Amino acid sequence: MRSLVLVGHGSHVNSLAARGLYRVAEELRRQGAFSEVIECFWKEEPSLRQTMRVTGSTDVTVVPFFLSEGYFTDTVIPRELGLGHQGPVPPEGIARVLGGKTVRYLPPYGTFPGIRDVVVACALDALQDQPPSDVALVLLGHPSARRGGNLERHAQDIAETQPFAAVQVLYLDEALKSGEWLADVHAARAVVVPFFSDQAEPPVTSALGLQPHSPVTVARPVGTHPGVADMIARYVQTVIQDGFSGDADRVSLAAWTELMRQAKRGLRLGEALITPQGTLFEVRHALDEGRASTELTTFVTVEGLRDAVRVDDSGAHRPVRTFRTLPRRWRAVFSEDDLPRAIHALYPAVVEESYACGCHTLRSTPWPTTARRQTGAYARIQKATPAQAEEVARRVCSGCLRSRLWVGEPLLQTVLTGVPGGIPCAEACTYLIAEVRDHLSD
Ligand code: SF4
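By convention here, each chain's residues receive numbers from 1 onward along its written sequence. Where local features are concerned, this predicted model is filtered to residues with pLDDT of at least 70; where side-chain atom pairs are given and counted, the filter is 80 or more; whole-chain, interface and lining totals use all residues. Heavy atoms throughout the structure, all of them, feed into the side-chain values; hydrogens and water do not.

As named in an unreviewed UniProt entry, the chain is DR2241 family protein, taken from Deinococcus antarcticus.

How would you summarise the sheet that holds strand E7 (residues 166-171) if you had to cite specific residues and measurements?
Two strands pair if DSSP finds at least two bridges between them. Comment: elements are numbered from the N terminus, with helices defined as DSSP H or I runs of at least four residues and strands as E runs of at least two. Within the open sheet, the four strands sit side by side as E7-E6-E8-E9. Their pairing is parallel. Edge positions in the sheet fall to E7 and strand E9 (216-218), since each of these pairs with one other strand and no more. Within the sheet, the average angular offset between the axes of one strand and its neighbour, ignoring direction, is 25°. The pairing of strand E8 (residues 189-194) with E9 spans three bridges and is parallel. The residue bridging Val191 from the neighbouring strand is Thr217, located in E9. The contact rule is simple, with two residues in contact once any of their heavy atoms fall within 4.5 Å. Here, axes are lines fitted to C-alpha atoms. For helices the fit covers the stretch in contact, and angles between N-to-C directions go from 0 to 180 degrees. Packed onto the sheet, helix H4 (residues 115-127) meets strand E6 (135-141), E8 and E9 and runs at close to 130° relative to E8. Sheet strands touched by helix H5 (residues 150-161): E6 and E7. Its angle to E7, the strand with the most contacts, is close to 165°.

Give a description of the environment of Gly278 that names residues and reports values.
Summarising the element assignment, Gly278 is placed in the loop between strand E11 (272-277) and strand E12 (280-285). For the exposure calls, accessible area comes from a 1.4 Å probe over protein chains only, and a residue counts as buried if that area is under 20% of its type's maximum, exposed if over 50%, partly exposed in between. Given a relative accessible area of 77%, Gly278 falls into the exposed group. Residues Gly278 and Ser335, spaced 57 residues apart in sequence, show a C-alpha to C-alpha distance of 9.8 Å.

I'd like a rundown of the site of the ligand, residues and numbers included.
Distances are taken per atom, and a residue is near a molecule or strand as soon as one of its heavy atoms is within 4 Å of it. The environment of the ligand is made up of Phe323, Val396, Cys397, Cys400, Arg402, Arg404, Trp406, Cys425, Ala428, Cys429 and Leu432. Each residue belonging to the shell around the ligand can be placed in one class, and the counts come to nine nonpolar, no polar and two charged. Side-chain classes follow a simple rule in which Ala, Val, Leu, Ile, Met, Phe, Trp, Tyr, Cys and Pro form the nonpolar group, Asp, Glu, Lys and Arg form the charged group, and the remainder, Gly included, forms the polar group.

In structure tokens, the structure reads:
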């Protein structure tokens, strides 16, 4: 068994921030090269800190869903995963054994050599029938991508192997709005390939100051090309070759076996109700119990359910899925095989953490330890006292189903022992950390 984890930034406010990663993860699952493909985030759930608990095999490969190396890939992700590593990651990645799992941490997917083929495919798709030999390919990167010369390496390789008139690198900058950068393009026409994971806001055309009849074609962002998933799968397989292949993780298996045993009898889980219906299972908001199915929107895919529950009834993003804001008026129907993934989409990590809590193996992290870990824009959190954190947590956590083990709240029963709201919180989530930081700035 092999688990592939894609790690993204996510957002506390924007539900669209994760769509690029979800799209690629869905394609990787469809291809079936890995036993499971799990999405984890810095600012959403499942969080980086939950990664090892939500992976179902003992062989885990982690790919940062970032296009360039930087603070997140060098510092934040390895730190939150507990890899004991800081700094650039070699092409073959670094390997560690964590809690009985072999974990390989790879560089960001934007540094994989195969991304060059994806860049070229984006450019050729945009050019349609125009011969590339008349056109300069301009690779457009965010300023944060400057470090390490990643784009320059890709550009040089493309220039040596592809028939474009020129291949140049441009970094997004206020000055580009004037459109004067066009004077430095080494061809009469250009195709700009945004080296971005998703569509940019504001659009690239306005960021580059392009006029309606400019000799510039803008291609789709690299991360949105359908070839990205295949490129990631091929690179991961090259790196791991015939290396270690794991078994089912014993604890994860036991947790899900227990959940399924209870689901077959009918189960309240958080704000949701799971009801067996013949060979299928229906999931809906518990407050919609008894409501006619015709009054509810029905989902039959995990992705449909996931997208529905990522926002509340007002359309606001739910970065923490255990917030007591599960939207109403939907039902979702799954087979026994799909139910675990559906529950994971509804309440990521809840089954694994509740099971571990019941076994007294869920270690909580007190606030001072969490605060000390923070760096970068969150460094000032290190100065936040438990009393200041508590002041903010009283407001934020009162809207969450979880019980804060990290301040010593008792949790004697969990969702797996018949208490629907019995969900442990092992350490402060990044949403709370961000709120504490904002509180300190007030
Ligand atoms: Fe919920 Fe608070 Fe825990 Fe965040 S820190 S998951 S808001 S209980």
